[in-house]
Amino acid sequence: MSGIETGLRLRGLSLRYGAREVLHDITLPCLRPGRVIALLGPNGAGKSSLLRSLAGLVPAQGELQLDGESLAAMSPMARAQRVGYMPQAMPEAIGLTVTETLLGTLRTDPRSAYTDESTLLHRIHALLARLDLLALASRPLSALSGGQRQIASLAQAMIREPRLLLLDEPTSALDLRHQVDVMSLVRSAAGDGRIVVVVLHDLALAARWADEVVVLHEGRLAACGAPQQVITAELLARVWRVRAIVKAEDRGLHIAIEGAHEAHRA
Amino acid sequence: MAEASPQAQGADIAELIGDLRRARLRRLRVIAVLAITLVLAMLADLATGSAGIAPPDILRALLMQDAVSNPVAAIVWQLRLPFALMAVLVGMALSLAGAEMQTILDNPLASPFTLGVSSAASLGAGLAMLLGTGIPGLPMDWLLPINTFVFAAGSVLLLQLVGNARQGSPQTLVLFGIALVFTFNALVALLQYLASADALQQFVFWSMGSLNRSSWPKLATLAAVIALVLPFSLRATWRLTLLRFGHERARTLGIDVNRLRLAALLRISLLAATAVAFVGTIGFVGLVGPHIARLLVGEDHRYFLPASLLTGGLLMSLAAIAAKLVVPGTVLPIGIVTALVGVPAFLWLILRRPQA
Ligand SMILES: Nc1ncnc2c1ncn2[C@@H]1O[C@H](COP(=O)(O)OP(=O)(O)O)[C@@H](O)[C@H]1O
Ligand SMILES: [Mg+2]
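Residues numbered from 1 in each chain as written. Chains lettered and ligands numbered in written order. Predicted model: local features only at pLDDT ≥ 70, side-chain atom pairs only at ≥ 80, totals over all residues. Heavy atoms only, no water.

Regarding the pairing of strand β10 (residues 220-225) of chain A
Residue and element names in this part refer to chain A.
Next up, step 1: Pairing analysis gives five bridges linking strand β9 (residues 212-217) to β10, with the strands arranged antiparallel. Counterpart to Leu 216 in the pairing with β10 is Leu 221.
Next up, step 2: Hairpin geometry of β9 and β10 is characterised by an intervening segment of two residues between the two adjacent antiparallel strands and by a positive phi of about 50° at Glu 218. (Pairing = 2+ DSSP bridges. Helix = DSSP H or I, 4+ residues; strand = E, 2+ residues; numbered from the N terminus.)

Thoughts on the coordination of the magnesium ion (ligand 2)
Residue and element names in this part refer to chain A.
Next up, step 1: At 2.0 to 2.5 Å from the magnesium ion (ligand 2) lie its protein donor atoms, namely Ser 48 (OG) and Gln 88 (OE1). A residue pair is termed long-range when its members are at least 10 positions apart, and Ser 48 in helix α1 (residues 47-54) and Gln 88 in the loop between β6 (83-86) and α3 (98-107) qualify at 40 residues.
Next up, step 2: You can call Gln 88 partly exposed: its relative accessible area is 41%. (Donors = N, O, S within 2.8 Å, 3.2 Å for Na, K, Ca; no water. Buried < 20%, exposed > 50% of the residue type's maximum accessible area, 1.4 Å probe, protein only.)

Describing the site of ligand 1
Residue and element names in this part refer to chain A.
Next up, step 1: Ligand 1 sits among Tyr 17, Arg 20, Val 22, Pro 42, Asn 43, Gly 44, Ala 45, Gly 46, Lys 47, Ser 48 and Ser 49.
Next up, step 2: Take Ala 45: an N or O atom from its main chain is 3.2 Å from an oxygen atom of ligand 1.
Next up, step 3: Lys 47 places a polar side-chain atom, nitrogen or oxygen, 2.8 Å from an oxygen atom of ligand 1.
Next up, step 4: In isolation ligand 1 offers 560 Å² of accessible surface; the protein chains occlude 62% of this area.
Next up, step 5: Here the shell around ligand 1 takes three residues from α1, the largest share from any one element.
Next up, step 6: Residues belonging to the shell around ligand 1 are distributed by class as follows: four nonpolar, five polar and two charged. (Near = heavy atom within 4 Å. Polar contact = N/O pair within 3.5 Å; in protein donor to acceptor, adjacent residues only side chain to side chain. Areas by Shrake-Rupley, 256 points an atom, 1.4 Å probe, with all protein chains shown as cover. Nonpolar A, V, L, I, M, F, W, Y, C, P; charged D, E, K, R; others polar.)

Notes on the packing of α3(A) against helix α5 (residues 146-158) of chain A
Residues and elements named next belong to chain A.
Next up, step 1: Orientation of α3 relative to α5, taken along the N-to-C sense of each, is 20°, at an axis distance of 9 Å. Relative to α5, the element α3 is oriented roughly parallel. Between α3 and α5 lies a crossing of right-handed hand. In contact with Val 98, Thr 101, Leu 102 and Thr 105 of α3, α5 contributes Ala 152, Ala 155 and Gln 156.
Next up, step 2: Residues of the contact of α3 with α5, tallied by class, amount to four nonpolar, three polar and no charged. (Axes fitted to C-alpha atoms, helices over the stretch in contact; angles between N-to-C directions. Parallel < 35°, antiparallel > 145°, perpendicular 65-115°, else oblique. Left-handed = near helix turned anticlockwise from the far one by under 90°. Contact = heavy atoms within 4.5 Å.)

A word on the sheet that holds strand β7 (residues 164-168) of chain A
Strand pairing in a sheet takes place through backbone hydrogen bonds and is either antiparallel or parallel in direction.
Residues and elements named next belong to chain A.
Next up, step 1: Strand order in the open sheet formed by six strands is β6-β7-β8-β3-β9-β10, and the pairing between neighbours is mixed. Edge positions in the open sheet fall to β6 and β10, since each of these has one partner strand only. The mean angle between the axes of side-by-side strands here comes to 15°, regardless of whether they run parallel or antiparallel.
Next up, step 2: Sheet topology note: the β7/strand β8 (residues 195-199) ladder contains five bridges and is parallel. Paired with Leu 164 across the two strands is Ile 195, which belongs to β8.
Next up, step 3: Against the sheet, α1 touches β3 (36-40), β6, β7, β8 and β9, its axis set at about 150° to β7.
Next up, step 4: Each of β6 and β7 touches α5; the most contacted strand, β6, lies at about 170° to it.

Notes on the sheet that holds strand β5 (residues 69-70) of chain A
Residue and element names in this part refer to chain A.
Next up, step 1: Here we have four strands laid out as an open sheet, ordered β2-β1-β4-β5, and antiparallel in their pairing. Of all the strands in the sheet, the pair left with one neighbour each is β2 (20-31) and β5.
Next up, step 2: Taken together, the six bridges between strand β1 (residues 8-17) and β2 define a ladder with antiparallel strand orientation. Residue Leu 13 lies in a different strand from β2, and its bridge partner there is Ile 26.
Next up, step 3: Packing against the sheet, α1 makes contact with β1, β2 and β4 (61-66), and its axis sits at approximately 115° to β1.

Comments concerning the interface of chain A and chain B
Next up, step 1: Tallying the contact residues gives 40 residues for chain A and 26 residues for chain B.
Next up, step 2: Of all residues in chain A, the largest losses of buried area upon contact with chain B belong to Leu57(A), Glu100(A) and His125(A), amounting jointly to 19% of the total for that side.
Next up, step 3: The closest approach of N and O atoms between Arg27(B) and Glu100(A), which form a salt bridge, is 2.5 Å.
Next up, step 4: Taken together, chain A and chain B are joined by eleven residue pairs in polar contact (both at pLDDT 80 or more). (Buried area = accessible area lost by both parts, 1.4 Å probe. Salt bridge = Lys/Arg side-chain N within 4 Å of Asp/Glu carboxyl O.)

Focus on the pattern of salt bridges
Next up, step 1: Tallied over the entire structure, the rule returns 21 salt bridges over all chains.
Next up, step 2: In this structure, Arg9(A) engages Glu63(A) in a salt bridge whose closest nitrogen and oxygen atoms are separated by 3.1 Å. Residue Arg9(A) is found in strand β1, and its partner Glu63(A) is found in strand β4; the two are separated by 54 residues along the sequence.
Next up, step 3: On the accessibility criterion, Glu63(A) (31% relative accessible area) is partly exposed.
Next up, step 4: Taken together, the shared-partner salt bridges in this structure form one network comprising Asp106(B), Arg244(B), Arg294(B) and Glu299(B).

Observations concerning the environment of Ser142(A)
Residue and element names in this part refer to chain A.
Next up, step 1: Topologically, Ser 142 is positioned in the loop between α4 (117-130) and α5.
Next up, step 2: Overall, Ser 142 belongs to the partly exposed group, its relative accessible area being 41%.
Next up, step 3: On a C-alpha basis, the gap between Ser 142 and Ala 93 in space is 4.7 Å, while along the polypeptide they are 49 residues apart.
Next up, step 4: When sequence neighbours within four positions are dropped, the list of residues in contact with Ser 142 reads Glu 92, Ala 93, Ile 94 and Arg 149.

Here it is in structure tokens:
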């Protein structure tokens with residue numbers, strides 16, 4: 001590993017849908033393995049677009065390297081093995097159980113296409129146990145609640161143990177306890193040497209669990225760094241247009257929203 | 001189960017494996033029951049007809065095919081068996097094609113005919129019948145199916161070209177398919193307007209779908225097509241299953257969605273076009289067969305595709321029986337009957353559902 005730059009390198013990334021450019025020349029400091037990076041920003045800031053370009057769903061300009069290798073140059077399967085992507089939404093009416101979903105996800109990966117099934121089921125079991133999803137393992141996805149389906153979708157993104165894990169609002173439909181469970185799982189996934197980029201709307205959650213935050217605003221990088229330094233009342237006013245009191249605490253931040261920020265109304 | 005202690009973890013994996021095994025066994029059982037029912041339906045189909053042959057005589061005739069002088073054997077071997085087999089094979093081909101179509105278009109209302117396959121087939125058949133034009137040097141008995149096949153398969157390839165050229169989403173493909181349907185239908189109407197009364201009647205009869213043109217060589221052809229296509233379908237089952245999560249998710253899992261779709265469209269065109277070529281357009285089976293299969297075994301395509309094959313064969317076999325019974329003394333065109341048989345089967349499955 002020496003000599004090769006490990007981690008995710010993202011330089012001069014631009015993305016356009018048709019004639020409209022939605023990401024403008026974004027450059028981030030190298031994202032290291034073992035780190036949880038929270039991607040923040042208001043609706044339409046370009047968070048999902050950034051994840052989608054990392055996942056190879058939309059062609060972007062710029063330099064994207066994972067462990068020194070260009071993501072664009074990888075074959076789709078090589079890329080899929082190293083990048084796990086959880087989209088913002090999952091179709092509702094799928095007649096597959098959670099176990100079958102994960103088994104299929106492993107079976108379509110050449111590395112585990114012919115592995116004997118009980119080995120794969122042990123892997124599935126371990127992940128489901130960590131996600132508190134065992135009781136639902138044999139239920140069809142179509143018979144799960146929105147939040148339960150979201151956790152199943154997270155499991156699908158994680159089961160191949162990718163190096164880079166991209167999660168688009170994984171906690172948006174979850175109750176408090178499951179938000180905490182998912183975030184601590186995300187932490188421990190990073191602990192295994194992964195890079196986790198997770199889109200969150202809850203700034204307090206981000207401050208509590210992320211090592212770094214990246215804030216997007218209208219397709220541009222608005223701020224980037226340690227949560228306690230980056231998330232300030234000034235940032236909330238500038239990017240989210242809300243008045244808030246932000247207090248640093250032992251573990252994370254205390255954020256009290258007071259109202260809309262009049263001065264920043266367009 | 002709710003308050004699983006750490007010690008219970010060991011039991012849990014056994015439970016996970018047990019659940020999966022049981023679900024599999026249940027599906028295999030469903031598939032076995034479908035297969036047995038299909039065989040029984042075929043036997044019933046053989047025993048039904050205006051000649052009033054007793055079932056034991058039919059069995060005897062089946063076993064001693066060389067009894068040339070025997071009129072019962074002649075009826076069984078030249079009429080009933082080819083018709084019964086053709087019904088089953090056509091049902092299988094259309095239902096399998098429909099299952100794959102619903103998956104690649106991500107649309108439960110899709111059928112092999114959604115994208116204009118049947119309209120294109122009608123145009124091909126119309127050209128052959130109404131204008132009598134076709135490939136020179138071909139016997140008329142085969143001109144019709146081959147013309148039909150070429151048009152049906154051609155329409156699917158046209159779709160694929162459009163889908164690829166514009167990186168088409170499933171929705172784009174469906175819309176283009178609907179445009180094709182209208183175009184082909186207009187051309188067919190034009191042909192009908194210009195055709196003689198005789199040819200017109202022949203054509204209308206053809207478009208109702210009928211087993212009358214069954215023959216052993218045609219059976220062999222259709223069986224060969226199914227046998228050729230099925231292994232490729234089965235090889236793609238996991239990839240097709242993951243397609244249920246949407247094209248984008250499938251792509252991020254490393255699946256080459258465009259190639260998967262092209263291969264599926266080729267299979268669909270082979271299956272649907274061959275079936276249409278031999279028996280005319282038969283709607284509904286390709287739509288409802290997969291639905292029934294989905295209700296019975298879920299969407300793991302390793303079970304879903306074989307089950308679709310069987311439900312399609314079964315529906316058509318039942319339709320073939322009904323076609324002989326609805327109006328005593330007449331055999332109705334089977335295309336008229338498929339919906340009449342399929343709808344009750346479908347409703348029964350949907351309505352009995354809540355407890356599962
Ligand atoms: N497929 C698309 N075609 C055109 N514009 C899009 C598309 N997807 C997103 N956009 C636009 O790109 C911008 C960023 O969207 P997105 O990345 O989804 O934002 P976020 O996830 O931060 O809410 C928005 O202005 C949105 O309208
Ligand atoms: Mg988004």
